[in-house]
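Breakdown of the fold
Residue strings, one per chain:
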There are 2 protein chains.
Amino acid sequence: MAQQERSARTRAAILRAGAEVFAELGFAGASVSKITRRANLTLGALYFHFESKEHLAREIVRAQPELVMSPAAAGLQGAVDITLEWATRLTQDPLLLAGARLVMDQEYFVRSEEGDSYRQWAGVILPFLHEAHENGELRPEVDVLTLAQLMVNASTGAQMNSQLDSGRRDLPDRIRQMWSLLLPLIATEECAGRVMEALGRREGDSPTIDGNQA
Amino acid sequence: MAQQERSARTRAAILRAGAEVFAELGFAGASVSKITRRANLTLGALYFHFESKEHLAREIVRAQPELVMSPAAAGLQGAVDITLEWATRLTQDPLLLAGARLVMDQEYFVRSEEGDSYRQWAGVILPFLHEAHENGELRPEVDVLTLAQLMVNASTGAQMNSQLDSGRRDLPDRIRQMWSLLLPLIATEECAGRVMEALGRREGDSPTIDGNQA
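Keep in mind the model is a prediction, meaning the values are calculated, not measured. (Residues numbered from 1 in each chain as written. Chains lettered and ligands numbered in written order. Predicted model: local features only at pLDDT ≥ 70, side-chain atom pairs only at ≥ 80, totals over all residues. Heavy atoms only, no water.)

Turning our eyes to something else, we now look at the UniProt feature "DNA-binding region" (unreviewed entry) in chain A. If you check UniProt for "DNA-binding region" (unreviewed entry), the listed places come out as residues 31–50 of chain A in our numbering. Helix makes up 75% of residues 31–50 of chain A and strand 0%, and the two end C-alpha atoms of the span are 13 Å apart. (UniProt positions renumbered as here; feature names shortened; annotations may be inferred. Helix = DSSP H or I, 4+ residues; strand = E, 2+ residues; numbered from the N terminus.)

So this is what it looks like as structure tokens:
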């Protein structure tokens, strides 16, 4: 039992050190020896848990959705909350940051759907949009799959451009702006109004409790 | 005069070789010596035209919009045509391909607005969207600047994900799909119908002349 615990802790340490090194140097610049040095572990410990640098990178990308808390809200509000939670926590979580960096290097390590950042995130958003569709929150002409792809593509692009402009500090603002354009276009008037209001409340970074709650 | 011509030809050869090497190796992997070797020129010739690898990369990004033909159409149709022209020609033009690759490495060489890929493309699309707004083609609630940013972000993301899935061969399809979602949402019914029809005509890669022209 103690050994299992130790093993899990070592694995977590490798993931974290890998994330830090990937985030700083990209996939090509990172090496297993740099990662083990950062984690203060032996190469043997790394290779016990991960077959190669490729496998480690793939696991970091695969684990992304688990790093963003599942939103309390359902439907469209849930989809909005996921993107904002991701945008807000990105700069604080080395694993999310590594995922954002590795998205640019995926050609070097993705060989299967597992570990493909685009499909990962589209898969997270899609159930919420399906739910929104079923609940009649979306305008009938909105294709749910295309909307999920647009969300992921636009968030990826926003992340890259925000990195350049502000070291990703203005990413939550960019994501909020995207939603304030899209919500009135994709959602019914009632739903758009409700989600826009919540978006306004989040602005001051007080995402949860607010006296004005509808 | 002959010398000026020779100089212009050398500059173009450097840009092309630089584009090829950046597209293959990214900014970090490229070097001035690899570029001059590719162009069959001396280091001196390169440094006569470009101060550094950074300046060469910046110039390739700056020149992107000039590489995409100015569309014959105005307004929203013009904006759509630019994105499709870019998506279609990307895989054939080493300079466009280099621009798409360098967008991921901009933190290494962009130090000013000039050469910032995001602002370059937003600046190209924006006048067409302003025109669309003035001509009453857009729904009144659509914010033109946010829409331009969404276009650029979503196209950047689509390009990256298309690279992974198909070596960018399916990029025109992805861009068409994005527009077929957005057009009915952002445009008036008349304009959306007209531009959607043109989008359908382009599908078979017969972008200009068609017997069915409306």
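The discussion continues.
Turning to the packing of aromatic side chains, a few remarks are in order. Residue and element names in this part refer to chain A. All chains considered together, the criterion is met by four aromatic pairs over all chains. Between Phe22 and Phe27, the aromatic rings sit 5.9 Å apart at their centres with planes inclined by 10°, giving stacked as the arrangement. Classification of Phe22 as buried rests on a relative accessible area of 0%. Over the ring of Phe27 we find Lys53; its NZ or CZ atom is 4.3 Å from the centre of that ring. (Phe/Tyr/Trp six-rings, centres within 6.5 Å; stacked < 30°, edge-to-face > 60°. Buried < 20%, exposed > 50% of the residue type's maximum accessible area, 1.4 Å probe, protein only. Lys NZ or Arg CZ within 6 Å of the ring centre and 35° of its normal.)

On to the confidence of the model for chain A, then. Residue and element names in this part refer to chain A. Residues at a pLDDT of 70 or more form 92% of chain A, whose mean pLDDT is 88. Per-element mean pLDDT across chain A ranges from 85 in helix α5 (residues 64–67) up to 96 in helix α2 (residues 32–39). pLDDT under 50 marks residues 206–214. Its contacts with residues more than four places away, or in other chains, come to nine contacts. (pLDDT = per-residue confidence, 0-100. Contact = heavy atoms within 4.5 Å.)

The next subject is the UniProt feature "domain: HTH tetR-type" (unreviewed entry) in chain A. Feature annotation in UniProt assigns "domain: HTH tetR-type" (unreviewed entry) to the following positions: residues 8–68 of chain A. Secondary structure content for residues 8–68 of chain A is 84% helix and 0% strand, while the C-alpha to C-alpha distance between its ends is 20 Å.

Residues and elements named next belong to chain B. Counting across every chain of the model gives 34 salt bridges over all chains. Note that Glu66 and Arg62 form a salt bridge whose closest N and O atoms lie 3.1 Å from each other. With relative accessibility at 58%, the residue Glu66 sits in the exposed group. Across the pair Glu85 and Arg89 runs a salt bridge, and its minimum N-O distance is 3.9 Å. (Salt bridge = Lys/Arg side-chain N within 4 Å of Asp/Glu carboxyl O.)

The next subject is the relation of the copies chain B and chain A. What relates the two chain copies is a rotation about an axis together with a slide along it. With an RMSD of 0.0 Å, the operation that places chain B on chain A is a rotation of 180° combined with a shift of 0.0 Å along the axis. Both copies are brought into coincidence by an operation consistent with a two-fold rotation axis. Of every C-alpha in chain B, the one belonging to Ala154 of chain B sits nearest the axis of rotation, 1.9 Å from it. When the interface residues of chain B are mapped onto chain A, 100% of them again lie at the interface, so the same face is used by both copies. (Least-squares fit on C-alpha atoms with pLDDT ≥ 70 in both.)

Right, let's talk about the nonpolar core for a bit. In a soluble, globular protein the nonpolar side chains are often hidden away together inside. Judged by nonpolar contacts, the single largest core of 110 residues is most densely connected at Phe22, Leu76 and Trp179 of chain A together with Leu76 and Trp179 of chain B. In this structure, Val32, Ala39, Leu56 and Ala57 of chain B belong to the second largest nonpolar core, which totals 21 residues. (Core = buried A, V, L, I, M, F, W, Y, C linked by side-chain atoms within 4.5 Å.)

Attention now moves to the domain arrangement of chain A. Residues and elements named next belong to chain A. Considered domain by domain, chain A is made up of domain 1 (2–62) and domain 2 (64–202). A C-alpha centroid distance of 27 Å is found between domain 1 and domain 2. The interface of domain 1 with domain 2 comprises 15 residues on the first partner and 19 residues on the second. In this assembly, domain 1 packs against domain 2 so that about 1,600 Å² is buried in total across both faces, 69% of it on carbon and sulfur atoms. Inspection of the region where domain 1 meets domain 2 yields one salt bridge. Remark: the boundary between domain 1 and domain 2 carries five residue pairs in polar contact (both at pLDDT 80 or more). Counting residues per element, the ones that place at least two in the side of domain 1 that touches domain 2 are α1 (2–29) and α4 (53–62). (Domains from an automatic or database assignment. Buried area = accessible area lost by both parts, 1.4 Å probe. Polar contact = N/O pair within 3.5 Å; in protein donor to acceptor, adjacent residues only side chain to side chain.)

Chain B puts 35 residues into the contact, and the matching count from chain A is 35 residues. Taking both partners together, chain B and chain A bury about 3,000 Å²; carbon and sulfur atoms supply 61% of that area. Ranking the residues of chain B by area buried against chain A places Leu164, Leu181 and Leu185 of chain B at the top, with a combined share of 20%. On the surface where chain B and chain A come into contact, there are two salt bridges. Note that Asp165 of chain B is salt-bridged to Arg119 of chain A, the shortest N-O span being 3.0 Å. For the interface between chain B and chain A, the tally reads six residue pairs in polar contact (both at pLDDT 80 or more). Among the secondary structure elements, those contributing two or more residues to the side of chain B that touches chain A are α8 (117–134), α9 (144–166) and α10 (171–186) of chain B. With 14 residues, the single largest contributor to the side of chain B that touches chain A is α9 of chain B. Its residues assigned to classes, the side of chain B that touches chain A comprises 17 nonpolar, nine polar and nine charged. (Nonpolar A, V, L, I, M, F, W, Y, C, P; charged D, E, K, R; others polar.)

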